[in-house]
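Chains, contacts and geometry: an overview
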Amino acid sequence: QVQLVESGGGLVQAGGSLRLSCAASGRTFSIYTMRWFRQAPGKEREFVAFISGSGGSTGYADSVKGRFTISRDNAKNTVYLQMNSLKSEDTAVYYCNVPLGKDYWGQGTQVTVSS
């Protein structure tokens, strides 16, 4: 069983930055691949970024590449998503995810970018 709690969302102007955090339970956090997804109103949930357990491998959706950075601190059981140069189209609820046979999801954190 894994529990995920996201935080750090909010309202920001276009061009601004936010850093999201996702705190995870579990003593084996360092072996989990962690992912961020987002879901905008009226749209399907979409992949944003992933990071391997060691942090040595990362990947991004084309829409956020060069603007978002995923990282993790295994000592704190936390994964981060640094979001820079935010655009109105980044407005969504952002979810943390662990794929472990079944998918575990957090409750989400709202990010609103005003233009």
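Going by the structure above, here's the rest.
Computed from a predicted structure; not experimentally measured. (Residues numbered from 1 in each chain as written. Predicted model: local features only at pLDDT ≥ 70, side-chain atom pairs only at ≥ 80, totals over all residues. Heavy atoms only, no water.)

1. Concerning the environment of glycine 56
- The residue glycine 56 is located in the loop between strand S5 (46-51) and strand S6 (58-60) in this model.
- Note on glycine 56: relative accessible area 69%, which makes it exposed.
- The spacing of glycine 56 and glutamine 13 is 43 residues in sequence and 32 Å in space, taken between C-alpha atoms. (Helix = DSSP H or I, 4+ residues; strand = E, 2+ residues; numbered from the N terminus. Buried < 20%, exposed > 50% of the residue type's maximum accessible area, 1.4 Å probe, protein only.)

2. Observations regarding the packing of aromatic side chains
- Evaluation of the coordinates by the stated rule reveals 4 aromatic pairs.
- Both rings, one in phenylalanine 37 and one in phenylalanine 47, keep their centres 5.9 Å apart while their planes meet at 80 degrees; by these two values the pair is edge-to-face. Residue phenylalanine 37 is located in strand S4 (residues 34-39), and its partner phenylalanine 47 is located in strand S5; the two are separated by 10 residues in the primary sequence.
- Owing to a relative accessible area of 31%, phenylalanine 47 belongs among the partly exposed residues under this scheme.
- Ring plane angle 70 degrees and centroid distance 5.1 Å describe the contact between phenylalanine 37 and tryptophan 105, whose orientation is recorded as edge-to-face. With a gap of 68 residues between them, phenylalanine 37 in strand S4 and tryptophan 105 in strand S10 (residues 102-105) connect regions that are remote in the sequence.
- Of the residues examined, phenylalanine 37 reaches a relative accessible area of 12% and is grouped as buried.
- The class of tryptophan 105 is partly exposed, set by a relative accessible area of 33%.
- Of note, arginine 72 hangs over the ring of phenylalanine 29, and the distance from its end group to the ring centre comes to 4.5 Å. (Phe/Tyr/Trp six-rings, centres within 6.5 Å; stacked < 30°, edge-to-face > 60°. Lys NZ or Arg CZ within 6 Å of the ring centre and 35° of its normal.)

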